[in-house]
Amino acid sequence: MPSPSGFTSARERRLWGWTLAAVAAIYSTLGLASTLAGILGESSLGPGLFILSCLLVLVAVVTQGLGTRPGGAEIGVALGIAAVYLLVFTRMSIPTERSHLIEYGVVALLAREALVERASQGKRVPAPALLAVLLTVPVSVLDEGIQLLLPSRVFDPVDLLFNGVAAVMAVLSASALAWARKRRAAG
C-alpha cells in the first residue's frame, strides 16, 4: 500500500530529506559566502577544509550502496573516479569553482539515490541518473538567480556550467560503480 506521503519507503523519505538539507545548506551560504571565503582565505583552515570536503564527496561516491567487499571491477572504477576528480580539482584554479563540484555533486548523488530507491520499490522512474541531473539543474539556476538580487554576489553563467558538470560527474560516477557492482553480482 502506498504511503500517504507519496514516498515508497522510509529510505526514500530520508534521501529526499537529505537532498533538501543539502539544497538548504547551499542557499543558506549565499549571503555569507564572500565573508566565509575571506575568513578561510586568511586562515590556514581553508585548504584543509576544502580537501576534507573533497575527500568526503569522494568517499560518498565510492561507498554509496557498498554493502559487500568490492571486487576488482569496483576498485578499478573507484580508482578511475578518484583520478578524474583529482584531475578536475587540480585544473580548476579558483577554489569557489571547486566548491561547485562538491555542492552540486552531493545534491545530484542524493537525488539519484532517492530515485533509484523509488524504482527499487516498484515505481516507474525512467532513467534515474538523467532525472537526478535534470532535478539538480533548476536548483543551480535558482541559486544563480538569487545571486542577481544580492549586492555582494554576481550571477555567473559559468557557475551554471560548473554546477551541471558537478551533477553529471557525480551521477556518472555513482552509475559506473553501480554497473561494476551489478556486473560482479551477475558474474
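See above for the structure.
Conventions we followed
Residues numbered from 1 in each chain as written. Predicted model: local features only at pLDDT ≥ 70, side-chain atom pairs only at ≥ 80, totals over all residues. Heavy atoms only, no water. Core = buried A, V, L, I, M, F, W, Y, C linked by side-chain atoms within 4.5 Å. Buried < 20%, exposed > 50% of the residue type's maximum accessible area, 1.4 Å probe, protein only. Helix = DSSP H or I, 4+ residues; strand = E, 2+ residues; numbered from the N terminus. Contact = heavy atoms within 4.5 Å. Axes fitted to C-alpha atoms, helices over the stretch in contact; angles between N-to-C directions. Parallel < 35°, antiparallel > 145°, perpendicular 65-115°, else oblique. Left-handed = near helix turned anticlockwise from the far one by under 90°.

(A) Molecular detail of the nonpolar core. Formed by 24 residues in total, the largest nonpolar core has its most connected members in V77, I81, Y85, L101, Y104, V107 and L177. Considering every element that reaches this core, the biggest residue donor is helix 7 (residues 157–186), with seven residues. Aside from chain neighbours lying at most four places away, what touches V107 is T19, A22, V23, I26 and T136. Counting residues in each nonpolar core, the second largest holds eight residues, with V125, A132, A167 and V171 among its members.

(B) View of the packing of helix 6 (residues 128–149) against helix 7. The N-to-C vectors of helix 6 and helix 7 enclose an angle of 155°; their axes lie 9 Å apart at closest approach. The angle between the axes of helix 6 and helix 7 places the two elements in the roughly antiparallel class. Crossing of helix 6 against helix 7: the hand is right-handed. Facing A129, A132, V133, T136, S140, V141 and E144 of helix 6, the residues of helix 7 in contact are D159, L160, N163, A167, V168, V171 and S175.

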